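# A look at the structure
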Amino acid sequence: RVLTELRSRDAQVRAHEQAHLSAAGPYANGAPTFEYQTGPDGKQYAVGGEVSIDTSPVPGDPEATARKAQAVKRAALAPRDPSAQDRKVAGQAAKLEAQARHEAQAEKAEEKKELSESDKTPSSTEENDPSTANPENNKQSEQQASNPFAQRVAKQFNPSSIASGNLLDTIS
């Protein structure tokens, strides 16, 4: 009877932790770790376990942080019977997601404000820039204007801002 219960618990624990691991994807920090109990037959049976998951924010990218927090929440709630700790982690992930979404909205609002201010006062280089006469360039500019990530990338990796011509210097 004890052996049957240990075998059943072992299977439940392993399935529970495997559900976390499968749902965590790239955010899992390795394989599950287990707590064991020795059965009357001398074998080790898993009676508890955990999967370590990276719950840190993605630096400088609130949208990626929100996506990561969603994945962490899904991983925490993946088993059929989430434990109290699983629900706690899911709650923390939901809080991180909300904070990240708020930060992303604030960034978008700030970028929109900056864009509207820069649209009101065109620089002399924009007025004389032959690239603004090309409709294809205007289309790309409109796409960048509606995509804050594209704006940040364009600003950071603008060839005129790379003095040495070495992209690695810009990244590091």
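As a reminder, the structure under discussion sits directly above these lines.
In short, a report on the structure. (Residues numbered from 1 in each chain as written. Predicted model: local features only at pLDDT ≥ 70, side-chain atom pairs only at ≥ 80, totals over all residues. Heavy atoms only, no water.)

Let us look at the overall build of the protein chain. Looking only at helices and strands, the protein chain has seven helices and two strands in total. The N-to-C order of helical and strand elements in the protein chain reads α-β-β-α-α-α-α-α-α. Within the protein chain, buried positions represent 23% of all 172 residues. Taking as baseline every contact in the protein chain between residues at least 6 positions apart, the subset at least 24 positions apart corresponds to 53%. Element-wise, carbon and sulfur atoms account for 52% of the exposed surface of the protein chain, whose accessible area totals about 11900 Å². (Helix = DSSP H or I, 4+ residues; strand = E, 2+ residues; numbered from the N terminus. Buried < 20%, exposed > 50% of the residue type's maximum accessible area, 1.4 Å probe, protein only. Contact = heavy atoms within 4.5 Å. Areas by Shrake-Rupley, 256 points an atom, 1.4 Å probe, with all protein chains shown as cover.)

What the rule picks out here adds up to one aromatic pair. Aromatic side chains F34 and Y36 sit 6.2 Å apart centroid to centroid with 55 degrees between the ring planes, which places their arrangement in the tilted category. One Lys or Arg, R14, reaches over the ring of F34 and ends 4.8 Å from the middle of that ring. (Phe/Tyr/Trp six-rings, centres within 6.5 Å; stacked < 30°, edge-to-face > 60°. Lys NZ or Arg CZ within 6 Å of the ring centre and 35° of its normal.)

Here strand β1 (residues 33-38) pairs with strand β2 (residues 44-50) via six bridges, running antiparallel. Each bridged residue has a counterpart across the sheet, and for T38 the counterpart in β2 is Q44. If you look at the hairpin formed by β1 and β2, you'll find five residues sitting between the two strands, and G42 has a positive phi there, around 85 degrees. (Pairing = 2+ DSSP bridges.)

At a minimum axis distance of 8 Å, the contact between helix α1 (residues 2-24) and helix α2 (residues 62-76) shows a crossing angle of 165 degrees. Here α1 lies roughly antiparallel to α2, going by the angle between them. Judged by the sense of rotation from one axis to the other, the crossing of α1 with α2 is right-handed. Contacts between α1 and α2 involve H20, A23 and A24 from the first element and A71, R74, A75 and A76 from the second. Tallied by class, residues from the contact of α1 with α2 come to five nonpolar, one polar and one charged. (Axes fitted to C-alpha atoms, helices over the stretch in contact; angles between N-to-C directions. Parallel < 35°, antiparallel > 145°, perpendicular 65-115°, else oblique. Left-handed = near helix turned anticlockwise from the far one by under 90°. Nonpolar A, V, L, I, M, F, W, Y, C, P; charged D, E, K, R; others polar.)

Attention now moves to the pattern of salt bridges. What the rule picks out here adds up to five salt bridges. With its nearest N and O atoms 3.2 Å apart, the salt bridge here joins K108 to E63. With a gap of 45 residues between them, K108 in helix α3 (residues 84-120) and E63 in helix α2 connect regions that are remote in the sequence. With a relative accessible area of 41%, K108 lands in the partly exposed category. (Salt bridge = Lys/Arg side-chain N within 4 Å of Asp/Glu carboxyl O.)

Moving on, we come to the nonpolar core. One finds A24, A28, V51, I53, V72, A75 and A93 forming the largest nonpolar core, which totals seven residues. Residue contacts for V72: discarding those within four places in its chain leaves I53, D54, T55, V89 and A93. (Core = buried A, V, L, I, M, F, W, Y, C linked by side-chain atoms within 4.5 Å.)

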